[in-house]
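Residue-level listing of the chains:
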Amino acid sequence: NSSDLSTSSFILASIPGLEAAHFWMGILLCSMYILAVTGNCAVLFIVKTEPSLHAPMYFFLCMLAAIDLALSTSTVPRVLSFYWFNTREISFGACLVQMFLIHTLSAIESTVLLAMAVDRYVAICHPLRHAAILTNAATAKIGLVAMARGVLFFLPLPLLLLPLPFCRSRVLSHSFCLHQDVMNLACANTTPSVVYGLTAILLVMGLDAILICLSYILILKAVLGLASWKERLKVFSTCIAHICVVLAFYVPLIGLSVVHRFGKDLAPLVHIIMGNIYILVPAVLNPIIYGVRTKQIQRRILNLIHIYND
């Protein structure tokens, strides 16, 4: 009965022939999750307790840390229960909620990355106006706009799937729920869902990526106008951490989209690995990147380690 099935559950993907390795895969995933939680919590704590870091760039970094914590926590514990306790079923409602959180949090992160690019543009191209333009109040408003934008654009995704019947295989391609993955299992017309999903992605992540590139074109133009190569490298080095974080977010996103679009004949292992990379790699890398590139955060971490050792 398709109507009963649409309100029951889905089956999370497993890797044929590697069921015996699930325990060790869970260990690896759990280790990455612990690293992500520790690193992002450390960033939040350091920025909160270090007055010199109470600036827009670091407030945006805190937003990224909070988003990465929420995104990884909305997926990894459920995946670990699958790997360690073989709980492969996820209810229809839980699947829709998880899908909404993943896509909404990703959209919010994309908006914050754009805001950080604008922050770098203003700091380099209009340094005298930076403090007046990007005040703490403006930063808070940008955070609220990012949240509202993510929710408004991606709330319709689960709502469009809610009335659909699912009479095909209930097995997903990943160990968590994504819109396109769930939509492909429906046995009804999914054109509205396809069109809206693509439109939302293009108007949020696609537009943000274009604007981030435009910001860096303007930044590069301003940097090349400086007198010496030493000055150019010094100024542009303030953008290196943000560029790395942008790549850590968009490269897995594009890779996952390509796998969904063109990888129907790929091995299940590829889908599962790409999904886990998309969820965990940015959360793990972001605090490491800013920890390495930011002297104030390095100094604070070393102080905390010294105090702990004493």
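Cut-offs used in this document
- Here the residue numbering is sequential within each chain, running from 1 through the sequence in written order.
- This being a predicted model, a pLDDT of at least 70 is required before a residue's local features are given, and a value of 80 or more before pairs of side-chain atoms are given or counted; all residues contribute to the totals for chains, interfaces and linings.
- Working from all heavy atoms in the structure, the side-chain values ignore hydrogens and water.
- Comment: elements are numbered from the N terminus, with helices defined as DSSP H or I runs of at least four residues and strands as E runs of at least two.
- This radius of gyration counts C-alpha atoms alone. The globule rule is 2.2 Å times how many residues there are, raised to the power 0.38.
- The buried label goes to any residue with under 20% of its type's maximum accessible area, the exposed label to any with over 50%, and the partly exposed label to all in between, with areas taken from a 1.4 Å probe on protein chains only.
- Residues are treated as being in contact if the distance between any of their heavy atoms lies within 4.5 Å.
- All accessible-area figures derive from a Shrake-Rupley calculation using a 1.4 Å probe, and residue coverage is judged against the displayed protein chains alone.
- The positive count covers Lys and Arg only, the negative count covers Asp and Glu only, and His and the chain ends enter neither.
- For the purpose of locating charges, the reference atoms are NZ of Lys, CZ of Arg, CG of Asp and CD of Glu.
- Note that a disulfide, as used here, is simply two cysteine sulfur atoms within 2.5 Å.
- The residues that make up patches have over 30% relative accessible area and no salt bridge, and they are joined within 9 Å when like-charged or within 5 Å when they are Val, Leu, Ile, Met, Phe, Trp or Tyr.
- When a carboxyl oxygen of Asp or Glu lies within 4 Å of a side-chain nitrogen of Lys or Arg, that pair is called a salt bridge.
- UniProt positions are given in the numbering used here, feature names are shortened, and annotations may be inferred rather than shown by experiment.
- Stacked, tilted and edge-to-face pairs are distinguished by plane angle, under 30 degrees for stacked and over 60 for edge-to-face with tilted covering the rest, among Phe, Tyr and Trp rings (Trp via its six-membered ring) whose centres lie within 6.5 Å.
- Remark: a charge is flagged as sitting over a ring if the NZ atom of Lys or the CZ atom of Arg is within 6 Å of the ring centre and within 35 degrees of the ring normal.

Novice: Explain the overall build of the protein chain here, please?
Specialist: Summing up its helical and strand segments, the protein chain has 14 helices and two strands in all. In terms of overall dimensions, the protein chain is globule-like: its C-alpha atoms have a radius of gyration of 21 Å, near the 19 Å expected for 310 residues. With the principal axes as the frame, the protein chain shows a C-alpha extent of 70 × 50 × 35 Å. The buried share of the protein chain, taken over its 310 residues, is 46%. Contacts in the protein chain between residues at least 24 apart in sequence constitute 79% of all its contacts with a sequence separation of at least 6. Total accessible area on the protein chain stands at roughly 15400 Å², and carbon and sulfur atoms take up 72% of it. Side-chain charges of the protein chain comprise 19 positive and 12 negative groups, with the mean position of each set lying 11 Å from the other.

Novice: What should I look at first to understand the state of the cysteines in this one?
Specialist: In protein chemistry, a disulfide is the covalent bond that joins the sulfur atoms of two cysteines. Under the counting rule described, the total for this entry stands at one disulfide. Put simply, Cys95 and Cys177 are joined by a disulfide, and their sulfur atoms are 2.0 Å apart. On the sign convention where negative is left-handed, the bridge of Cys95 and Cys177, at about -120° about the S-S bond, is left-handed. With Cys95 in helix α5 (residues 92-125) and Cys177 in the loop between α8 (156-161) and α9 (179-183), this residue pair connects regions lying 82 residues apart in the sequence. Take Cys95: its relative accessible area is 0%, and that puts it in the buried class. By relative accessible area, Cys177 is classed as buried at 0%. Cys62 carries a free sulfur, and the closest cysteine sulfur to it, the one in Cys41, is 11 Å from it. Judged by relative accessible area, Cys62 falls into the buried class, the value being 14%.

Novice: It is not clear to me how a nonpolar patch on the surface should be interpreted in this structure. Could you clarify?
Specialist: Taken together, the side chains of Phe23, Trp24, Ile27, Trp84 and Phe85 define a hydrophobic patch exposed on the protein surface, amounting to about 580 Å² of accessible area. At the level of elements, α2 (22-49) and α4 (76-85) are the ones that each hand at least two residues to the nonpolar patch. Tallying contributions element by element places α2 first for the nonpolar patch, with three residues. Relative to the assigned elements, Ile27 resides in helix α2.

Novice: Mind showing me how you'd approach the side chain of His103 here?
Specialist: You can see His103 is positioned in helix α5. Taking relative accessible area as the criterion, His103 reaches 13% and is therefore assigned buried.

Novice: Just to check I follow, could you spell out the UniProt feature "transmembrane region" (unreviewed entry) in the protein chain for this structure?
Specialist: Within this structure's numbering, the places UniProt gives as "transmembrane region" (unreviewed entry) are residues 20-46, 58-84, 90-118, 130-155, 194-219, 240-263 and 269-292. This span, residues 130-155, is 88% helix and 0% strand, and a straight line between its end C-alpha atoms measures 34 Å. Along residues 240-263 one finds 96% helix and 0% strand; the C-alpha atoms at either end are 32 Å apart.

Novice: Explain the packing of aromatic side chains to me, please; I cannot follow it from the model alone.
Specialist: One pair of aromatic rings is described through two measures. These are the centre distance and the angle between the planes. In total, this model carries seven aromatic pairs according to the counting rule given. Both rings, one in Phe82 and one in Tyr83, keep their centres 5.2 Å apart while their planes meet at 25°; by these two values the pair is stacked. Side by side, Phe82 and Tyr83 carry an identical accessibility label, which is buried. Three or more aromatic residues joined by ring pairs form one cluster here, namely Phe10, Phe92 and Phe166. Sitting over the ring of Trp229, Arg232 keeps its end group 4.7 Å from the ring centre.

Novice: Would you take a moment to explain the pattern of salt bridges for this structure?
Specialist: Note that side chains of opposite charge can pair when their charged atoms are close. Under the counting rule described, the total for this entry stands at two salt bridges. For Asp208, the salt bridge is made with Arg149, and the minimal N-O distance between the two is 2.9 Å. With Asp208 in helix α10 (residues 191-224) and Arg149 in helix α7 (residues 136-154), this residue pair connects regions lying 59 residues apart in the sequence. Exposure remark for Arg149: the relative accessible area of 17% places this residue in the buried category.

Novice: Teacher, can you tell me more about the environment of Val151 here?
Specialist: For Val151, the location among the structural elements is in helix α7. Along the backbone, Val151 and His103 are 48 residues apart, and their C-alpha atoms lie at a distance of 9.0 Å.

Novice: Help me understand unusual backbone geometry in this model?
Specialist: Most peptide bonds adopt trans geometry, and most residues besides glycine take a negative phi value. In the Ramachandran plot, Asn86 falls in the positive-phi region, its phi being about 60° despite a non-glycine side chain. Structurally, Asn86 is set in the loop between α4 and β2 (89-91).

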